[in-house]
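Structural description and commentary
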Amino acid sequence: MLSLIYSAAINGIEADIVEVETYISSGMPVFSIVGLPDVAVKESRDRVTAAMKNSGFDFPSRKITVNLAPADIKKEGGIFDLSIALGILAANGKIRKENLRRFCAAGELSLDGKIRKVKGVLPISLSLQKNKIEDFIVPIANRQEAAAAGKVNIFPFKTLAEIVKFINGELNCEPYVYNAYDLDADSGIDADCDFVDVKGQKNARRSAEIAAAGSHNIIMSGPPGSGKTMIAKRIPGILPPMTFDEAVETTRIWSVSGRAFASGLIKRRTFRSPHHTSSAVALAGGGTYPRPGEVSLSHNGVLFLDEFAEFRRDALEVLRQPLEDKKITVSRAKDSFIFPASFMLIAAMNPCPCGNLGHREKECVCNPYQVRKYQSRISGPLMDRIDIHVEVPALKFSELSALNDDSESSVGIRERVVKAREIQNVRFLGSGIYANAQMQAKEIKKYCVLGDDAFEILKTAVEKLNFSARSYDKILKVSRTIADLDGSDVIKTNHIAEAVRYRFFDRV
Ligand SMILES: Nc1ncnc2c1ncn2[C@@H]1O[C@H](COP(=O)(O)OP(=O)(O)OP(=O)(O)O)[C@@H](O)[C@H]1O
Ligand SMILES: [Mg+2]
Ligand SMILES: [Zn+2]
């Protein structure tokens, strides 16, 4: 007897539909699975056998052959347990075969017949939608994630026994419905992390607002204790909510990463702050079955690299591709995977090893050689890729002790950011671009048109300060965001002049 059911294999952030064929024939009792790597086959066989017996089904003592097709795509073990068990039960006459073939199933079995949660359920759901397979059986713990994309009927279950009853029509189950995505559900502002606590630092606060409004990369440099880390941690709170498409993209990455996240769609922009001892692989992603790294986990969110100059050189160089292309290629022996990696980089560093270079009162004890060596840890090409450079000087005592500081709360800043981002959403509708920082040459040409006066200012600045071609583009993009914050269609002279000021490191 032959049976058929669908399952899926995860490839990067994509899911490939796999057909699980099971054939039971008379002959020596052998249970073989073809199309899986050896180790996974053995483990799966053991789990399926035990789970079936402990769910009250006899395990057929005949010749069982399971074929996972196509054979040439790489498959990871556990996810196929459920479809293999269902296939055997159908081929053995315990499940109605004709009912089985409309389903896709994904789930790992525990020895007692419970269904364990698996990775990559959202990509599978999206793939089923594309392939017009309508019914998806999932572990109960994956139900929200599976239903988040809509359109596919999701049937969540706890045990193998329940699923058998359901497919045979002995147990009624309505498709699980995940409540519609509510954009305003999560303001993202954390009461302990509000800009109202930051004293002084007007310039840094303004540049944080611009960075958030256009999703620009930003680097802050200043002496110890001036508030760099403090400001960075407050930026997620002023970012606009994610659009539905952004949320699906980010959740998809987290779904295949195997990391825990709030079930359903990720609605808050992620904020990742890997330690400066992190390896290149931790940042970029990798492994036998490649897992997304920090640059992808922060997709559509923030990657915060504190103590930027202390990161290993090879780890920092990994950032160059994603900063430019908004994606990262993870290579292995035979093939390579592309993960999305469109993040907003926030970097913070001291200006020199002792930290006091340029300090108003304290003296820097480093010699010029040490300073140069320290600053050159961030390569030119990398610094070039950061849109906004800002100095965060030490606070004066008067600023620090001021009682009625005029600091604005995150709520007000966020309102302006959201407004500016709405302008951008309309501008880039349907293009896959969500913010000014993601513009490529074509969009820059179209949307960053300068008047004669503004053009003159830019020309003078470029000639005088010797900016690179990339810096030139960055200035245009940042000025576009400043104009959006100003509610202005045209980029004016003051917008360009301000954007030029944020190329601090190009000047020193
Ligand atoms: N502008 C500020 N307003 C209010 N408090 C501040 C400010 N700057 C610093 N502080 C206080 O000093 C502490 C240290 O600041 P923070 O960690 O942000 O410094 P930093 O610039 O990151 O220093 P480092 O270079 O050593 O990492 C903060 O937790 C906060 O209590
Ligand atoms: Mg710090
Ligand atoms: Zn110094």
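Residues numbered from 1 in each chain as written. Chains lettered and ligands numbered in written order. Predicted model: local features only at pLDDT ≥ 70, side-chain atom pairs only at ≥ 80, totals over all residues. Heavy atoms only, no water.

Examining the overall build of the protein chain
Spelled out, the test is: Strands here are runs of E lasting at least two residues and helices are runs of H or I lasting at least four, both read from the DSSP assignment and numbered beginning at the N terminus. Exposure classes here rest on a 1.4 Å probe applied to the protein chains alone. A residue is buried below 20% of its type maximum, exposed above 50%, and partly exposed in between. Here a residue-residue contact requires only that any non-hydrogen atoms of the pair lie within 4.5 Å.
For the protein chain, the count of helices and strands is 22 helices and 18 strands. Seen along its three principal axes, the alpha-carbon backbone of the protein chain occupies a region of about 85 × 45 × 45 Å. Within the protein chain, buried positions represent 54% of all 508 residues. Partitioning the intrachain contacts of the protein chain with sequence separation of at least 6 by distance along the chain shows that 73% fall at a separation of at least 24.

Considerations on the domain arrangement of the protein chain
Under the convention used in this document: Source of the domain bounds: an automatic or database domain assignment.
Taken domain by domain, the protein chain comprises domain 1 (2-167), domain 2 (195-408) and domain 3 (439-508). The C-alpha-based centres of domain 1 and domain 3 are spaced at 55 Å.

As for the site of ligand 1
Applied cut-off: Nearness of a residue to a molecule or strand requires only that one of the residue's heavy atoms be within 4 Å of it. Two N or O atoms form a polar contact when they lie within 3.5 Å of each other; inside protein one atom must be a possible hydrogen donor and the other a possible acceptor, and for residues adjacent in sequence the pair counts only when both atoms belong to side chains. Residue exposure ignores everything except the shown protein chains as possible cover, and the areas themselves are Shrake-Rupley values with a 1.4 Å probe.
Within the structure, ligand 1 sits among 15 residues, and K199, G225, K228, T229 and N350 are positioned closest to it. Within the side chain of K228, one N or O atom sits 2.7 Å away from an oxygen atom of ligand 1. Take E307: an N or O atom from its side chain is 3.3 Å from an oxygen atom of ligand 1. Burial of ligand 1 by the protein chains amounts to 67% of its free accessible area of 630 Å².

A few points about the coordination of the zinc ion (ligand 3)
Let me state the cut-off plainly: Note on donors: an N, O or S atom is included if it sits within 2.8 Å of the metal, or within 3.2 Å for Na, K and Ca, and water is never included, so sites can look incomplete. Geometry assignment treats four donors as tetrahedral when all angles are between 85 and 135 degrees, treats four as square planar and six as octahedral when opposite donors are over 155 degrees apart and all others between 65 and 115, and treats everything else as irregular.
At 2.2 to 2.4 Å from the zinc ion (ligand 3) lie its protein donor atoms, namely C352 (SG), C354 (SG), C364 (SG) and C366 (SG). Geometry at the zinc ion (ligand 3) is tetrahedral, judged from its four donor atoms and the angles of 105 to 113° they form at the metal. Within one chain, the residues donating to the zinc ion (ligand 3) are spaced in sequence as C-x1-C-x9-C-x1-C. Note on C354: relative accessible area 23%, which makes it partly exposed.

Comments concerning the UniProt feature "domain: AAA+ ATPase" (unreviewed entry) in the protein chain
Rules: UniProt positions are given in the numbering used here, feature names are shortened, and annotations may be inferred rather than shown by experiment.
Per the UniProt record, the feature "domain: AAA+ ATPase" (unreviewed entry) sits at residues 214-396. Here residues 214-396 is 30% helix and 19% strand, with 30 Å between the C-alpha atoms at its ends.

So, the environment of L68
Secondary-structure assignment places L68 in strand β4 (residues 63-69). In this structure, the C-alpha to C-alpha distance between L68 and S488, residues 420 residues apart in sequence, is 58 Å. Sequence-distant contacts of L68, that is, excluding residues within four places in its chain, are made with V18, E19, V20, I33, V34, G35, L36, K75 and F80.

Notes on the nonpolar core
Short version of the rule: Here, nonpolar core refers to any group of buried Ala, Val, Leu, Ile, Met, Phe, Trp, Tyr and Cys residues whose side-chain atoms link them within 4.5 Å.
In terms of nonpolar packing, the biggest core is built from 106 residues, with L86, F136, F308 and L319 touching the most fellow members. Counting residues domain by domain, this core receives three or more from each of domain 1 (2-167) and domain 2 (195-408). Judged by nonpolar contacts, the second largest core, of 47 residues, contains I235, F428, F467 and L476.

Examining helix α17 (residues 410-427)
The test is simple: To estimate the expected span of a helix, subtract one from its residue number and multiply by 1.5 Å.
When the terminal C-alpha atoms of α17 are compared, their 25 Å separation across 18 residues agrees well with the 26 Å that a helix rising 1.5 Å per residue should span. Turning to α17, its buried residues are S410, I413, R414, V417, V418, A420, R421, Q424 and R427. The inward-facing, buried residues of α17 contact α7 (202-214), α18 (441-447) and α20 (469-485). Looking at where α17 begins, the residue whose side-chain oxygen comes 3.1 Å from the main-chain nitrogen of V411 is S409.

Topic: the pattern of salt bridges
Here is the rule: For this document, the term salt bridge refers to a Lys or Arg side-chain nitrogen within 4 Å of an Asp or Glu carboxyl oxygen.
Considering all chains together, one arrives at 22 salt bridges under this definition. Salt-bridge contacts for R416 lead to E209; the nearest nitrogen and oxygen are separated by 2.7 Å. Of this pair, R416 sits in helix α17 while E209 sits in helix α7, and the two are 207 residues apart along the sequence. For R312, the salt bridge goes to D314, with nearest N and O atoms at 3.2 Å.

What to know about the packing of helix α2 (residues 81-91) against helix α6 (residues 160-167)
Where we set the bar: Structural elements are reduced to axes, namely lines fitted to C-alpha atoms, with helices fitted over the stretch in contact, and the angle between N-to-C directions of any two is expressed from 0 to 180 degrees. Should an angle fall under 35 degrees it is called roughly parallel, over 145 degrees roughly antiparallel, and 65 to 115 degrees roughly perpendicular, with every other angle called oblique. By convention the crossing between two helices is left-handed if the near helix lies anticlockwise of the far one by an angle smaller than a right angle, and right-handed if it lies clockwise. Residues were grouped as follows: Ala, Val, Leu, Ile, Met, Phe, Trp, Tyr, Cys and Pro as nonpolar; Asp, Glu, Lys and Arg as charged; and all remaining residues, including Gly, as polar.
It is at 11 Å that the axes of α2 and α6 come closest, and there the two elements cross at 50°. Classified by the angle their axes make, α2 and α6 are oblique. Here α2 runs over α6; the crossing is right-handed. Between α2 and α6, the residues in contact are L82, A85, L86 and L89 and L160, I163, V164 and I167, respectively. Residues of the contact of α2 with α6, tallied by class, amount to eight nonpolar, no polar and no charged.

A few points about the sheet that holds strand β11 (residues 271-272)
Where we set the bar: Two strands qualify as a pair provided DSSP detects at least 2 bridges between them.
The parallel open sheet is built from five strands, whose spatial order is β11-β14-β17-β10-β18. If you trace the sheet from one side to the other, it starts and ends with β11 and β18 (388-391), each paired once. Pairing analysis gives four bridges linking strand β14 (residues 302-305) to strand β17 (residues 344-349), with the strands arranged parallel. Within the sheet, the bridge partner assigned to V302 lies in β17 and is M344.

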